[in-house]
Amino acid sequence: MAVARMNMNCSIQSSLSCILKPSSFFNFRTTHFRNRVFPTGNNFVAPKRSLLCTCSSNGNSNAFQTGEKAEPFVVTTPLYYVNAPPHMGSAYTTIAADAIARFQRLLGKRVVFITGTDEHGEKIATAAAAGGSGPREHCDVISQAYKMLWNDLDIAYDKFIRTTDPKHEAIVEEFYSRVLANDDIYRADYEGLYCVNCEEYKDEKELLENNCCPTHLKPCVPRKEDNYFFALSKYQKPLEEILAQNPDFVQPSYRLNEVQSWIKNGLRDFSISRAAVDWGIPVPNDNKQTIYVWFDALLGYISALLEDKDQPNLQSAVSSGWPASLHLIGKDILRFHAVYWPAMLMSAGLSLPKRVFGHGFLTKDGMKMGKSLGNTIEPNELVDKFGADAVRYFFLREVEFGNDGDYSEDRFINIVNAHLANTIGNLLNRTLGLLKKNCQSTLVVDSSIAAEGKEFKDTVERLVEKARIHYENLALSSACEAVLEIGNAGNLYMDKHQPWSLFKQGGDAFEAAAKDLVIILETMRIIAIALSPVAPSLCRRIHAQLGYSEDQFDNLNWVHTLSLFLNIVKTKWGGLKGGQVMAQPKPVFARIEQIKENENGGAEAPKKVVKKKEEKATGSRGDRSLGVPISEDSLPLIEISLTLSIHHHDDTSTAIYPRVSMLRSCISGMKSGVCEAISEVYVW
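Quick caveat: nothing in here was measured; it's all calculated off a predicted structure.

> Mind laying out the pairing of strand E5 (residues 185-195), listing which residues take part and the relevant values?
The pairing of E5 with strand E7 (residues 221-230) spans 10 bridges and is classified as antiparallel. Within E7, the residue paired with Arg187 across the bridge is Tyr228. Two elements, E5 and strand E6 (residues 200-202), share three bridges in a ladder whose sense is antiparallel. Residue pairing in the sheet places Leu193 in a bridge with Lys202 of E6. Two successive antiparallel strands, E5 and E6, enclose a turn made up of four residues, where Glu199 displays a positive phi of approximately 55 degrees.

> Now, about the packing of helix H13 (residues 409-439) against helix H18 (residues 507-530): what can you tell me, with residues and values included?
At their nearest, the axes of H13 and H18 sit 10 Å apart, and the two run at 145 degrees to each other. Once H13 is placed against H18, the crossing between them reads as left-handed. Contacts from Ile424, Leu427, Leu428, Thr431, Leu432, Leu434, Leu435, Asn438 and Cys439 in H13 reach Phe510, Ala514, Leu517, Ile520, Leu521, Met524 and Ile527 in H18. Classifying every residue of the contact of H13 with H18 by side-chain character gives 14 nonpolar, two polar and no charged.

> Any details on the nonpolar core? Residues and values, ideally.
Residues Trp150, Phe175, Phe395, Phe412 and Trp558 are the most contacted members of the largest nonpolar core, which totals 174 residues. The residues touching Trp150, leaving out its near neighbours within four places in the chain, are Tyr80, Ser90, Ala91, Thr94, Thr115, Ile155, Tyr157 and Phe160. Formed by six residues, the second largest nonpolar core is a distinct cluster that contains Leu193, Cys195, Cys198 and Cys220.

> Run through the confidence of the model for the chain, naming residues and quoting values.
Scored by pLDDT, the chain comes out at a mean of 79, with 73% of its residues at no less than 70. Note that pLDDT drops below 50 for residues 1-68; the model gives that stretch 265 contacts with residues more than four away or on any other chain. Predicted confidence is poor over residues 664-684, with pLDDT under 50, and the contacts of this stretch with residues over four places away or in other chains come to 52 contacts.

> Give me the packing of aromatic side chains: which residues, what numbers.
Tallied over the full model, the rule gives 31 aromatic pairs. Pairing Phe103 with Tyr471 gives two aromatic rings, centres 4.8 Å apart and planes at 20 degrees, and the pair type is stacked. Note that Phe103 is positioned in helix H1 (residues 88-106) and Tyr471 in helix H15 (residues 455-472), a separation of 368 residues in sequence. Classification of Tyr471 as buried rests on a relative accessible area of 2%.

> Any details on unusual backbone geometry? Residues and values, ideally.
Residue Pro252 is reached from Gln251 by a cis peptide bond, and omega for that bond is -10 degrees. Within the secondary structure, Pro252 sits in the loop between strand E8 (250-251) and helix H6 (253-264). Cis geometry marks the peptide bond from Trp322 to Pro323; its omega dihedral reads 10 degrees. Among the structural elements, Pro323 can be located in the loop between helix H9 (314-318) and strand E13 (326-330). A positive phi angle is found at Asn211, which is not glycine, with a value near 60 degrees. The topology assignment puts Asn211 in the loop between E6 and E7. A residue is classified by how much of its surface remains accessible, and Asn211, at 32% relative accessible area, is partly exposed.

> Just give me the short version of the environment of Ala96, but keep the residues and values in it.
Position of Ala96 relative to the elements: it lies in helix H1. Non-local contacts of Ala96, meaning those with residues more than four positions away in its chain, are made with Leu328, Leu396, Phe401 and Leu476.

> Could you give an account of the environment of Lys586, naming the residues involved and the relevant values?
Relative to the assigned elements, Lys586 resides in the loop between strand E18 (556-559) and strand E19 (624-625). Among the residues examined, Lys586 registers a relative accessible area of 40% and is labelled partly exposed. In the structure, Lys586 is positioned 160 residues away from Asn426 in sequence and 9.7 Å away in space, judged by C-alpha atoms.

> Please set out the sheet that holds strand E12 (residues 286-291) residue by residue, giving values where relevant.
Ordered by their spatial adjacency, three strands build an open sheet running E10-E12-E11, and the pairing between neighbours is antiparallel. Bordering the open sheet on either side are strand E10 (273-274) and strand E11 (282-283), each of which pairs with just one other strand. Pairing of E11 with E12, which is carried by two bridges, proceeds in the antiparallel orientation. The residue of E12 that forms the bridge with Pro282 is Thr290.

Quick notes on the rules
- Residues numbered from 1 in each chain as written.
- Predicted model: local features only at pLDDT ≥ 70, side-chain atom pairs only at ≥ 80, totals over all residues.
- Heavy atoms only, no water.
- Pairing = 2+ DSSP bridges.
- Helix = DSSP H or I, 4+ residues; strand = E, 2+ residues; numbered from the N terminus.
- Axes fitted to C-alpha atoms, helices over the stretch in contact; angles between N-to-C directions.
- Left-handed = near helix turned anticlockwise from the far one by under 90°.
- Contact = heavy atoms within 4.5 Å.
- Nonpolar A, V, L, I, M, F, W, Y, C, P; charged D, E, K, R; others polar.
- Core = buried A, V, L, I, M, F, W, Y, C linked by side-chain atoms within 4.5 Å.
- Buried < 20%, exposed > 50% of the residue type's maximum accessible area, 1.4 Å probe, protein only.
- pLDDT = per-residue confidence, 0-100.
- Phe/Tyr/Trp six-rings, centres within 6.5 Å; stacked < 30°, edge-to-face > 60°.

What follows is the structure, encoded as structure tokens:
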């Protein structure tokens, strides 16, 4: 389908019963989420159980969803149009779908995550000819480019459908025949203004000056054809009733308002064949015409459900998981999914998808991004430059899902550094450093015991539940914010209790400090689970530093209780156990350094971040007191100094901890200029 025209708690109770050994935690690559075998069926009833973030040791993270009636959660992206390589708009939808799919897997659902490519139509043939290749060769190249990008972005899809697959073509032909048999297809002449990029006839009243398409800002061309039409107008009343009875069918609510407005203004029958396009599926009853790209591509959501062993027919496909739980799309293709598609399904006697969610555009310089406009951000370049976790986190955290969002490299770097490197990564690193120095990297007590009587545990449980609710409601930005709040709470806890000072006091103070570290590491375990839908590779590394294996990460559960009567959810604390050995502390997320170009176009070295006005010896170890204002750029050096102090100057690290904590607090609150609230920072 021409869908690439987008601009776009936890009872934290582990089942571990033995001491776990650390595993390697660098260079993990999540290529494709491991497939799990589940029984098929449609009538799922969840048993009552407590909400857990747990690590299952039985090799099947979804084992609790037993029986032959486990209902699948089917989430789809659009099938992206292969007239050009993927852009950030298509990547954004797919990242969001992947995060939703990963969260649903954590809940133990049998997830079917569908994506793919739409490979028929006039634009494909034109693009292939321009590149000096045939349509099929062109489609092979671009489709593979999508698969490679999804791999680089840690997209764990289950099904990748191509509309040139023979099984898909068989489904389209059968579907067409069903609709024809229902007297909803007829032949007629049509003349109007046609947008080649949308592959759609347009009403003059919706066009801009000079008959320009409002989406692609290019003039529509007059076109007259003898085509087959689908009787969309016949389904105006049924569609109105469906939306009135099920207002959640289209989300967000303002997208529902758009759809209702379209329907209220009257639905017109639309052409479902093209006489002048050879690159497509022939109309079953007229091989001189090919099926319209949208009438073809929308069926990919169903044909993708077929297994290799299945007969390519609608019954087999539908029984494998239809209807879809969620269609994720860009708002520019809302009409096709929320009006045309439901009417087509009703005509063929098939169930409607449960929900259609139309997100906003990604913008650049105030304009939507799209291949047709030539102003795209290249996702491959972003991933190569910053890594998959950074790209995934920024777009899901900074763009409120459903609204438009703008990309700025400066903001990208600031957000990712502040949230992933500082708040989360540094909290883990400094805690493991203290544990290594004082406790031989071994937990002294169960996390449930360490947190007895602590309000902090309640805070974390509340935030985890908050994140779960946001994930459920597709509020992905808010879910990220809730997890970040856990990290902020952990940093505040460390700064308040100052375990580095308590360890020096010995006795009861030493024991209290050791418990504090267990509490923070339990917090990091929860973060590794709660943020894993968004930043899976980062969370895999965090989990490995906590002494878990890669297989244990792959089999994590975020199990929620669904009481059939009270709908009660409970969270409990207690995943980490006394005696567990943590991995050696190493950074799990490196800060992104911004390289600026000089006047000659060459790269400048990063600016010095601390400028000293005076220097004096303050001790035998050569620490220097810098009584100067500290700019925001100073934070990386201070944090590097902190890390070095942990590993090489353990006996003096107590001096720097409170100062770095103060510095971080000041810098996080800075709007501009320099922070003059700190007069003394120790560096080595």
